[in-house]
Amino acid sequence: MAGSKRVCPSSNIIYYPQMAPVVITLVTDGARCLLARQSSFPKGLYSALAGFCDIGESVEEAVRREVAEEVGLEVESLQYSSSQHWPFPNSSLMIACHATVKAGQTEIQVNQKELEAAAWFSLDEVATALLRKGSFLQQQSDALPLLLPPKLAIAHHMIKKWVERQTCASLAA
């Protein structure tokens, strides 16, 4: 009887809310990261790729399938990063992964049914976007070329982690 539950006041039936697993993946080719946008996003907002896990599918299989379906790229390697509960719209568990695509296979084929756009962004472009001041709402009104997800979103932390890794790697070289 543990866990979240709701009881119908008229029938006393107990309901246990479902949670849908979603993979959210930041794709890189080593020097750049791939960000995408849906038509429902605010103007200029790009984020990591995301999609629901299919029944019987592992996290790794879901990452590879979603990247192939949404942007036509083949994942060479991937690494789990973190997770976050996301209550909107229907209670999802966001499972964050970093993925690297095969060298020389970086031509994006955007699935227009899933995405409005996808593009590779350089370390400088992403780092500049991360350094912008002001709230997410203030940034939206500034008509910036690249707007990143707000700090409360796991995608923001994934992007920030990628920038930190790239910066550390370039300092060590």
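In what follows, the structure referred to is the one given above.
In this report, the structure presented in the accompanying data block is examined.

Rules and cut-offs
- Residues numbered from 1 in each chain as written.
- Predicted model: local features only at pLDDT ≥ 70, side-chain atom pairs only at ≥ 80, totals over all residues.
- Heavy atoms only, no water.
- 1 Å grid on protein atoms, 1.4 Å probe; cavity = no way out; pocket = protein on both sides within 12 Å on 5 of 7 lines; lining within 4 Å.
- Points joined across faces, edges and corners; volume = space filled by probe spheres on them.
- Helix = DSSP H or I, 4+ residues; strand = E, 2+ residues; numbered from the N terminus.
- Patch = residues over 30% accessible without salt bridge, like charges linked within 9 Å, V, L, I, M, F, W, Y side chains within 5 Å.
- Areas by Shrake-Rupley, 256 points an atom, 1.4 Å probe, with all protein chains shown as cover.
- Salt bridge = Lys/Arg side-chain N within 4 Å of Asp/Glu carboxyl O.
- Phe/Tyr/Trp six-rings, centres within 6.5 Å; stacked < 30°, edge-to-face > 60°.
- Buried < 20%, exposed > 50% of the residue type's maximum accessible area, 1.4 Å probe, protein only.
- Lys NZ or Arg CZ within 6 Å of the ring centre and 35° of its normal.
- Contact = heavy atoms within 4.5 Å.
- Core = buried A, V, L, I, M, F, W, Y, C linked by side-chain atoms within 4.5 Å.
- Disulfide = S-S within 2.5 Å.
- Pairing = 2+ DSSP bridges.

Turning our eyes to something else, we now look at the layout of surface pockets. Estimates place the volume of the largest pocket at around 670 Å³. Along its surface, the largest pocket is lined by 28 residues, and Ile24, Phe41, Ala50, Trp86 and Met94 are the ones closest to its centre. Going through the elements one at a time, strand E3 (20–28), strand E5 (49–52), strand E6 (75–86), strand E7 (92–101) and helix H4 (154–172) are the ones with two or more residues in the lining of the largest pocket.

Here the focus is a nonpolar patch on the surface. On the surface, Val7, Ile14 and Tyr16 cluster together into a nonpolar patch covering about 250 Å² of accessible area. Assignment of secondary structure puts Val7 in strand E1 (residues 6–7).

Using the criterion set out here, one finds 1 aromatic pair in the structure. Ring geometry for Tyr46 against Phe121: centres 5.2 Å apart, planes inclined by 65 degrees, an arrangement best described as edge-to-face. One end of the pair, Tyr46, is in the loop between strand E4 (32–37) and E5; the other, Phe121, is in strand E8 (residues 117–122), with 75 residues separating them in the sequence. Of the two residues, Tyr46 and Phe121, both sit in the buried class. Lying over the aromatic face of Tyr46, Arg37 brings its terminal NZ or CZ to 5.9 Å of the ring centre.

Relative to the assigned elements, Lys113 resides in the loop between E7 and E8. By relative accessible area, Lys113 is classed as exposed at 83%. Separated by 75 residues in sequence, Lys113 and Gln38 have C-alpha atoms that sit 9.5 Å apart.

The subject of this paragraph is the environment of Ser4. The topology assignment puts Ser4 in the segment before E1. Judged by relative accessible area, which is 53%, Ser4 ranks as exposed. Between the C-alpha atoms of Ser4 and Pro17, which are 13 residues apart in sequence, the distance is 6.9 Å. The contact partners of Ser4, leaving out residues within four places of it in the chain, are Tyr15, Tyr16 and Pro17.

This next bit is on the nonpolar core. In this structure, Ile24, Leu26, Leu35, Val126, Leu146 and Leu148 are the most contacted members of the largest nonpolar core, which totals 20 residues. Broken down by secondary-structure element, the contributors of at least two residues to this core are E3, E4, E7, helix H2 (123–131) and H4. Of the residues forming this core, the biggest block, 6 residues, is contributed by H4. Formed by 18 residues, the second largest nonpolar core is a distinct cluster that contains Val71, Leu73, Ala99 and Ala118.

On to the state of the cysteines, then. For the structure shown, the criterion picks out 0 disulfides. The closest cysteine sulfur to the non-disulfide-bonded Cys97 is located on Cys53, 8.8 Å from its own sulfur. Residue class for Cys97 comes out buried when judged on its relative accessible area of 1%.

Moving on, we get to the environment of Leu45. Looking at where Leu45 falls in the secondary structure, it is placed in the loop between E4 and E5. Along the backbone, Leu45 and Leu146 are 101 residues apart, and their C-alpha atoms lie at a distance of 6.2 Å.

Okay, the pairing of E4 next. Along E4, 5 of the 6 residues are buried, which leaves the element largely enclosed by surrounding structure. Sheet analysis places E3 next to E4, joined by 2 bridges and oriented antiparallel. For Thr28, the partnering residue across the bridge sits in E4 and is Cys33. If you look at the hairpin formed by E3 and E4, you'll find 3 residues sitting between the two strands, and Gly30 has a positive phi there, around 110 degrees. Alignment of E4 against E8, held across 6 bridges, turns out to be antiparallel. Bridging from a neighbouring strand, Cys33 pairs with Phe121 of E8.

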